[in-house]
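# Summary of the model geometry
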Amino acid sequence: MSILEVKDLTIMFGGLKAVDQFEITIHENELVGLIGPNGAGKTTIFNLLTGVYKPTNGSILVNGSVTKMMKPNEIVMLGSSRTFQNIRLFKNMTVLDNIRVAYHNRMTYNYFDGVVKNKKYRDEEAAATEVAVSLLEVFGMKGYQNDLAKNLPYGKQRKLEIARALATNPKLLLLDEPAAGMNPQETEELMHTIRFIKDQFKVSILLIEHDMKLVMGICERIVVVDYGKIIASGAPEAIRKNPAVIKAYLGE
Ligand SMILES: Nc1ncnc2c1ncn2[C@@H]1O[C@H](COP(=O)(O)OP(=O)(O)OP(=O)(O)O)[C@@H](O)[C@H]1O
Ligand SMILES: [Mg+2]
């Protein structure tokens, strides 16, 4: 079954068609790149997929469910999770708590359980901590768990955002320029981490990225947008040579 199925997706902002008849299908455990020049509509596509914006037209199926009437948190429950182009962490919370909070999205204890701190509450809190610690281990950040998020070096804040997105146990992970602001060594490291996540968590990933080396190096398939429209899609080698893609980037 496909994890994501998008057809005819369109949104207008005033007179501007920011996304114009976009379509994509992503299957289980696929890693797909979404690239395009500045202002092409990439982040807007993520905002549509996650329910932040309602489309003017078109359909989105996440894990087989139509998301049209859903709120962003309901779409998370379907198994879709994202990171943001501009890091959005709880800056004054610890690294561990940033992940624990995300895990709470899938907890089942209620307000009463929490107030009396009964067994159900304690079990789920313990599970949240366990998941958070093991995610930090994956990212080589266990030693930072008690640091405040705001005190982490930039590259580690980016990683923490990805770890947090994984805490909801997604089937689809949407990464919006995860390497932005990283140095070449951090970018290289991140490339490996993204591949590792795909294999380890059996998750499908849609990756927006400006760093061509990163995208070409790890994606199985790439979709290129310009002015809201798909101008090319296919294997990295074909995309690299595609005249429309070269023109879109040189024209920047
Ligand atoms: N809420 C909004 N209201 C009006 N216009 C918007 C809104 N959000 C995005 N846009 C416009 O839609 C277009 C696409 O923007 P978007 O942020 O999706 O591009 P992008 O491909 O993510 O660019 P970048 O690579 O710079 O992040 C731009 O022209 C932008 O100004
Ligand atoms: Mg963007």
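### What to know about the overall build of the protein
What the protein contains, in helices and strands, is ten helices and ten strands. Taken over the C-alpha trace, the protein has a radius of gyration of 19 Å; the compact-globule value for 252 residues is 18 Å, and the two agree within 12%. Summarising its shape, the C-alpha atoms of the protein cover approximately 60 × 40 × 35 Å along the three principal directions. Relative to its 252 residues, the protein shows a buried fraction of 50%.

### Describing a nonpolar patch on the surface
Taken together, the side chains of Phe112, Val115 and Val116 define a hydrophobic patch exposed on the protein surface, amounting to about 300 Å² of accessible area. Within the fold, Val116 resides in helix α4 (residues 111-116).

### Observations regarding the site of ligand 1
The immediate surroundings of ligand 1 are formed by 15 residues, with Gly39, Lys42, Thr43, Thr44 and Gln85 found nearest. At a separation of 2.8 Å, an oxygen atom of ligand 1 approaches a polar side-chain atom of Lys42. Taking Gln85, its side chain carries an N or O atom lying 2.7 Å from an oxygen atom of ligand 1. Protein coverage of the free-state accessible area of ligand 1, which is 640 Å², stands at 64%. Elements represented by at least two residues in the shell around ligand 1 include exactly β2 (16-27) and α1 (42-49). Broken down by element, the shell around ligand 1 gets its largest block of residues, three residues, from α1. Here the residues of the shell around ligand 1 are counted per class, giving six nonpolar, seven polar and two charged.

### Notes on the packing of aromatic side chains
Evaluated as defined, the whole model comprises one aromatic pair. For the pair Phe13 and Tyr53, a centre-to-centre distance of 5.3 Å together with 75° between the ring planes defines the contact as edge-to-face. On the criterion of sequence distance, the pair formed by Phe13 in strand β1 (residues 2-13) and Tyr53 in the loop between α1 and β4 (57-62) is long-range, its members being 40 residues apart. By relative accessible area, which is 30% here, Tyr53 ends up partly exposed. When the ring centre of Phe84 is taken as origin, the NZ or CZ atom of Arg88, which lies over that ring, is 3.9 Å away.

About the criteria used
- Residues numbered from 1 in each chain as written.
- Chains lettered and ligands numbered in written order.
- Predicted model: local features only at pLDDT ≥ 70, side-chain atom pairs only at ≥ 80, totals over all residues.
- Heavy atoms only, no water.
- Helix = DSSP H or I, 4+ residues; strand = E, 2+ residues; numbered from the N terminus.
- Rg over C-alpha atoms; globule rule 2.2 N^0.38 Å.
- Buried < 20%, exposed > 50% of the residue type's maximum accessible area, 1.4 Å probe, protein only.
- Patch = residues over 30% accessible without salt bridge, like charges linked within 9 Å, V, L, I, M, F, W, Y side chains within 5 Å.
- Areas by Shrake-Rupley, 256 points an atom, 1.4 Å probe, with all protein chains shown as cover.
- Salt bridge = Lys/Arg side-chain N within 4 Å of Asp/Glu carboxyl O.
- Near = heavy atom within 4 Å.
- Polar contact = N/O pair within 3.5 Å; in protein donor to acceptor, adjacent residues only side chain to side chain.
- Nonpolar A, V, L, I, M, F, W, Y, C, P; charged D, E, K, R; others polar.
- Phe/Tyr/Trp six-rings, centres within 6.5 Å; stacked < 30°, edge-to-face > 60°.
- Lys NZ or Arg CZ within 6 Å of the ring centre and 35° of its normal.

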